[in-house]
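Coordinate inspection notes
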Amino acid sequence: MIEHPPSIFAGFAVLTLVATGCVTDAPENLEELLVYGFVNFDDDAAQKATIDGLLPLKEAHEEALTEGFRVDELSQQNLTDAGQGATIESGIVGSAATVQYTSDVDQIAGAWSYEHMEEVIETTVAYDVREETGDRNCFIDRECPTYSISAWRQNTMGIFGTSEQEFERNFRWVETNDGVEALMIRELVPDGAEMTSAIVAVHQQFSYSVLIAESGGTERLDTFWIDAEVIGADLPDAWALDMAVSSMTRTAEDVDQWITENGD
């Protein structure tokens, strides 16, 4: 069960960022800040404000983030404000956690935007990029700030068989006024997954990731909102989120190994 640190709201002032003559206000607690970052993904000033807010918060709650904890739910209004046409019946509970990569953030950008992710992630058995927006090489070289793909993937799910999903993945480079460099990734799966097993159903899932370069590698903060259920079982609503958090380390290891074997 994901534990919620009771001090998560304590003692942080409202964070602001002055950019191009306007002030962008970000929420003052971590749970709201992560939803804010997801919703305002296309706003560069908002992403800079998100990073400025995250730095002291993730340091203050380093242990909790390593284990994973629940964050504010994603609502229909959030999706509407984010410019997404998806419809949800009720809010989806979120979960956040951090994981460490030994690779640098530029290498990770190359891996996560690679057109053959079945070669990178062990549990991905098939992968197809349907459409791309922007130039991948320009993005990897940081000459272009954004890049997006629409794609399809098939993943193995252990005892739950396999899943197939159509999804959208958005990338954005961000550098704050203090010189902090980060890669932001947002993933949208509004139509859920087709499962070969009748035991589990995944109705929708969304995620927001912040990857910050640090000495010796990269730290990734992932936030997941997953609407899923095990048919006929009375499980806590955080079950799917716990599964997502537990897979983060394995995925990071896969990416680091692929980068080591394939270079830049």
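Preceding block: the structure.
Residues numbered from 1 in each chain as written. Predicted model: local features only at pLDDT ≥ 70, side-chain atom pairs only at ≥ 80, totals over all residues. Heavy atoms only, no water.

Let's talk about helix α2 (residues 44–60)
Stated formally: Numbering goes from the N terminus for both helices and strands, where a helix is a DSSP run of H or I of at least four residues and a strand is a run of E of at least two. One fewer than the residue count of a helix, multiplied by 1.5 Å, yields its expected span. Categorising residues by exposure relies on relative accessible area from a 1.4 Å probe, with only protein chains included: less than 20% of the type maximum marks a residue as buried, more than 50% marks it as exposed, and the intermediate range marks it as partly exposed. For the purposes of these results, a polar contact is taken to be a pair of N or O atoms within 3.5 Å, where, inside protein, one atom must be able to donate a hydrogen and its partner to accept one; residues adjacent in sequence count only when each atom of the pair is a side-chain atom.
If you check α2, its first and last C-alpha atoms are 25 Å apart, about what 17 residues at 1.5 Å a residue would give, namely 24 Å. Among the 17 residues of α2, twelve are classified as buried, and the element is accordingly described as predominantly covered. With a side-chain oxygen lying 3.0 Å from the backbone nitrogen of Ala45, the N-terminal cap of α2 falls on Asp43.

Observations concerning the state of the cysteines
This is how it is decided: Two cysteine sulfurs form a disulfide in these notes if their separation is within 2.5 Å.
Using the criterion set out here, one finds one disulfide in the structure. Here Cys138 engages in a disulfide with Cys144; their sulfurs sit 1.8 Å apart. A torsion of 85 degrees about the S-S bond marks the disulfide between Cys138 and Cys144 as right-handed. Judged by its relative accessible area of 16%, Cys138 is buried.

Details of the nonpolar core
Counted only if it meets this: The definition of a nonpolar core used throughout is a set of buried Ala, Val, Leu, Ile, Met, Phe, Trp, Tyr and Cys residues joined through side-chain atoms within 4.5 Å. Contact definition: two residues touch when any of their heavy atoms are within 4.5 Å.
Ranked by size, the top nonpolar core spans 34 residues in total, and within it Phe38, Met184, Phe206 and Trp225 carry the most contacts. Sequence-distant contacts of Met184, that is, excluding residues within four places in its chain, are made with Phe41, Gln47, Ile51, Asn170, Phe171, Arg172, Val174, Tyr208, Ser209 and Val210. In this structure, Ala111, Val120, Phe167 and Phe171 belong to the second largest nonpolar core, which totals 31 residues.

Quick notes on the pattern of salt bridges
Pairing between side chains of opposite charge can happen when the charged atoms of each approach one another. Rules: Between Lys or Arg on one side and Asp or Glu on the other, a salt bridge is scored when a side-chain nitrogen of the former is within 4 Å of a carboxyl oxygen of the latter.
On inspection of all chains with the given rule, the structure shows eleven salt bridges. Ionic pairing is found between Glu166 and Arg130, a salt bridge with its closest N-O pair at 3.0 Å. Taken as a pair, Glu166 in strand β7 (residues 162–175) and Arg130 in strand β5 (residues 124–133) lie far apart in primary sequence, 36 residues in all. A relative accessible area of 47% means that Arg130 is categorised as partly exposed. Where salt bridges share partners, they join Asp44, Lys48 and Arg172 into one cluster.

Remarks on the environment of Ile149
Its place among the elements puts Ile149 in strand β6 (residues 146–156). Among the residues examined, Ile149 registers a relative accessible area of 1% and is labelled buried. With 17 residues separating them in the primary sequence, Ile149 and Glu132 have C-alpha atoms 4.3 Å apart. Ile149 has contacts with Tyr127, Val129, Glu131, Glu132, Phe167, Glu168 and Arg169, leaving out every residue within four places of it along the chain.

Description of the packing of helix α1 (residues 30–39) against α2
To keep it simple, the criterion reads: Angular values range over 0 to 180 degrees, each being the angle between N-to-C directions of two axes fitted as lines to C-alpha atoms, with helices fitted over their stretch in contact. Put simply, angles under 35 degrees are roughly parallel, angles over 145 are roughly antiparallel, angles from 65 to 115 are roughly perpendicular, and the rest are oblique. Two helices that cross are described as forming a left-handed crossing if the nearer one is turned anticlockwise from the farther one by less than a right angle, and a right-handed crossing if clockwise. Note that Gly is not counted as nonpolar here; it falls among the polar residues with everything else outside the nonpolar set of Ala, Val, Leu, Ile, Met, Phe, Trp, Tyr, Cys and Pro and the charged set of Asp, Glu, Lys and Arg.
In contact at an axis separation of 10 Å, α1 and α2 are set at 155 degrees when each is read in the N-to-C sense. The angle between α1 and α2 falls in the class roughly antiparallel. Once α1 is placed against α2, the crossing between them reads as left-handed. Residue-level contacts link Leu30, Leu33, Leu34, Tyr36 and Gly37 of α1 to Ala46, Gln47, Thr50, Gly53, Leu54 and Leu57 of α2. Across the contact of α1 with α2, the residue classes tally to seven nonpolar, four polar and no charged.

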